[in-house]
Structures are given as structure tokens and as C-alpha cells.
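Coordinate inspection notes
One-letter residues, chain by chain:
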Amino acid sequence: PLSCVPIREDVRFVRKSTKGPRAKRDLLSVLTSDLPVAVAMLDRELRYVTASARWCALYDLDPKAIIGRSHSEAFPDLPEHWKPLHQRALAGETLRAGEELFERASGRRLWLQWEIHPWGGRRGRPEGILIYSNDITERKYAEEALRQSEQRFRDFARASGEFMTETDAEGRYVWIWDPTNAARGVPPEWYIGKRRIDLVPPGTDIDAEPWKSHLETIARHEPFRDFRYSLHDPGAPATLSVSGVPY
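Only a predicted model underlies this, so the values are computations on that prediction, with no experimental measurement involved.

**Structural notes on the overall build of the chain**
Helix and strand counts for the chain stand at eight helices and nine strands. Looking at the 247 residues of the chain, the share that counts as buried comes to 37%. Summarising the internal contacts of the chain: among those between residues at least 6 apart in sequence, 39% fall at separations of at least 24. If you sum the accessible surface of the chain, you get close to 14,700 Å²; carbon and sulfur atoms cover 53% of it.

Below, the structure written as C-alpha cells:
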């Protein structure tokens, strides 16, 4: 998540401990440049007042050369739809995005969380904007790699012709592949959200063996093999032998 609270605390401190707009601007500039987050401070003409070291490192900018330059000069590849957002922030609005792809002219792809806040206030209007960026690129790539891995697993399951399922931390089915479903007349969607213990015949004592040991194994997040049980669902009666591995 974005680390914006320290800035807000610093802004309150600036208001209480400085006199005059120039003093407030100077102190806020110093505080912004020292923050351990990617943040830039721009004036009303969107020229750089200051930028944190993390901001300059993230966007490959010279921290000394950036001061006084316009934001569009520093980012000639700035997406057009971001420019009206800067104007809205200059009018006093706070804006944010949970994730957005920034494709640089160099071909670099950055996934960002960002926020834009107005700062200061002279004659009823902000003196500029603060832009926060949080690089979530690695997280997005990890999510995509996981998605592809899960898809490969499901493709393998379908190709194998075996009965396979995936459950969440509470043991509820989130995915199922049963090549016998068509013959038994039970669509896979019927199982989603149910647990294995929801599919046993009425009167089954899950507090007795072998269910007791099986459920204890699952609670310990340990693998199990060849657990046999009778399946009770809308289809024809069936006895299953299942094995599982936690992940």
C-alpha cells in the first residue's frame, strides 16, 4: 500500500510551525525530498519543487536536474489521460488508483499504485500537487505467473482424464475436474463452495475413524493418500479414493 500518512502528518506540522507561504513551501519541500517513498512535489505550473530519492530512482531522473523542470518535460511519454487528473488535483481534488500500467517510450512496463494530493493553499486554491507512486510491478508479474501456473495445472488435469479438485483454506471446492460428471449427470459447478464432508451420505459420523484422522491430517496441512469415502450427490452412487497435497 502507499505510505501517505507521514506526508499528511508533515503537512499538519508545517501549518502549525511555519509562518508565511514561502516558509511552508520550503519546509514541505525538505520533508518531501527525505521521504522513503516515491513522491514528487510540483507547483501550479507543474514544475518540480522537489522529488524524493525513491521517485528519481524509480523513474531514472537526475535529482538535481529535475528541480524547476516541468512534469511533461521530465515525462514526455506521460499518458494523455493523466494530464486532466493533474488539473483536477490543482482544483483541490484528491485522486488515486489501485493499479495502473504505465508503458514507457523505452518499452519499460511499470505497474503503479498512485495518489495525487493538492498541497498548500493561497487565496483559496492549492499551491501545487503531490504525486505518490508505488511500484507494484513485481507483484503483478508474480500474480500473472501464478495464474499461468494454475492454468497449466488445470490443462494437465483435463488431459490426464483423472478426477482432480482444488480447495481453499477452509476446504471448500474452488475448482473441480471430474471426467465422470457427464455420465453421472452432475455439473462441476454444483460442487463449488462445498466441502468434502458436505458430500458424504446422511448419518456419516465424521468424528469417528477414518474421517477423524483424515480431517486432522488436513488441519495440519499435511499430504494424504488413498482416502476412500462414499460420495453423496445428485448423481449415481460412487466411491472415491482421493489423495491430496497442500500448497
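**Some thoughts on the sheet that holds strand β4 (residues 109-119)**
Read across the open sheet, the five strands follow the order β2-β1-β5-β4-β3; overall the sheet is antiparallel. The strands lining the two open edges of the sheet, one partner per strand, are β2 (48-51) and β3 (95-103). Looking at each pair of strands side by side, their axes are set apart by 25 degrees on average, direction ignored. Pairing of β3 with β4, which is carried by seven bridges, proceeds in the antiparallel orientation. Note on β4: the bridge partner recorded for Glu103 is Arg109.

**As for the pattern of salt bridges**
Enumeration according to the criterion identifies 16 salt bridges in this entry. The salt bridge partner of Asp77 is Arg104, with a shortest N-O separation of 2.7 Å. You can see Asp77 sitting in the loop between α4 (71-74) and α5 (83-90) and its partner Arg104 sitting in the loop between β3 and β4, a full 27 residues away along the chain. With respect to burial, Asp77 and Arg104 carry one shared label: buried. Each of Glu99, Arg139, Lys140 and Glu143 takes part in one network of salt bridges that share partners.

**Let's talk about the side chain of Thr137**
Summarising the element assignment, Thr137 is placed in helix α6 (residues 137-160). Classification of Thr137 by relative accessible area gives buried; the value is 8%. One polar contact links the side chain of Thr137 to the main-chain amide nitrogen of Trp111, over a distance of 2.9 Å. Ignoring anything within four residues of it in the chain, the contact list for Thr137 reads Arg109, Leu110 and Trp111.

**Digging into helix α8 (residues 211-219)**
Each α-helix turn comprises 3.6 residues. Residues three or four places apart therefore point the same way. Those residues of α8 that fall on the buried side of the exposure criterion are Trp211, His214 and Thr217. Seen along its axis, α8 keeps its buried residues to an arc of 125 degrees; they face one direction. Tucked inside the fold, the buried residues of α8 contact β8 (224-231).

**Remarks on the environment of His232**
With respect to the element layout, His232 can be found in the loop between β8 and β9 (238-244). With near-sequence residues (within four places) excluded, His232 lies in contact with Trp190, Leu199, Val200, Pro201 and Pro202.

Rules behind the numbers
- Residues numbered from 1 in each chain as written.
- Predicted model: local features only at pLDDT ≥ 70, side-chain atom pairs only at ≥ 80, totals over all residues.
- Heavy atoms only, no water.
- Helix = DSSP H or I, 4+ residues; strand = E, 2+ residues; numbered from the N terminus.
- Buried < 20%, exposed > 50% of the residue type's maximum accessible area, 1.4 Å probe, protein only.
- Contact = heavy atoms within 4.5 Å.
- Areas by Shrake-Rupley, 256 points an atom, 1.4 Å probe, with all protein chains shown as cover.
- Pairing = 2+ DSSP bridges.
- Axes fitted to C-alpha atoms, helices over the stretch in contact; angles between N-to-C directions.
- Salt bridge = Lys/Arg side-chain N within 4 Å of Asp/Glu carboxyl O.
- Polar contact = N/O pair within 3.5 Å; in protein donor to acceptor, adjacent residues only side chain to side chain.
- Arc of directions from axis to C-beta.

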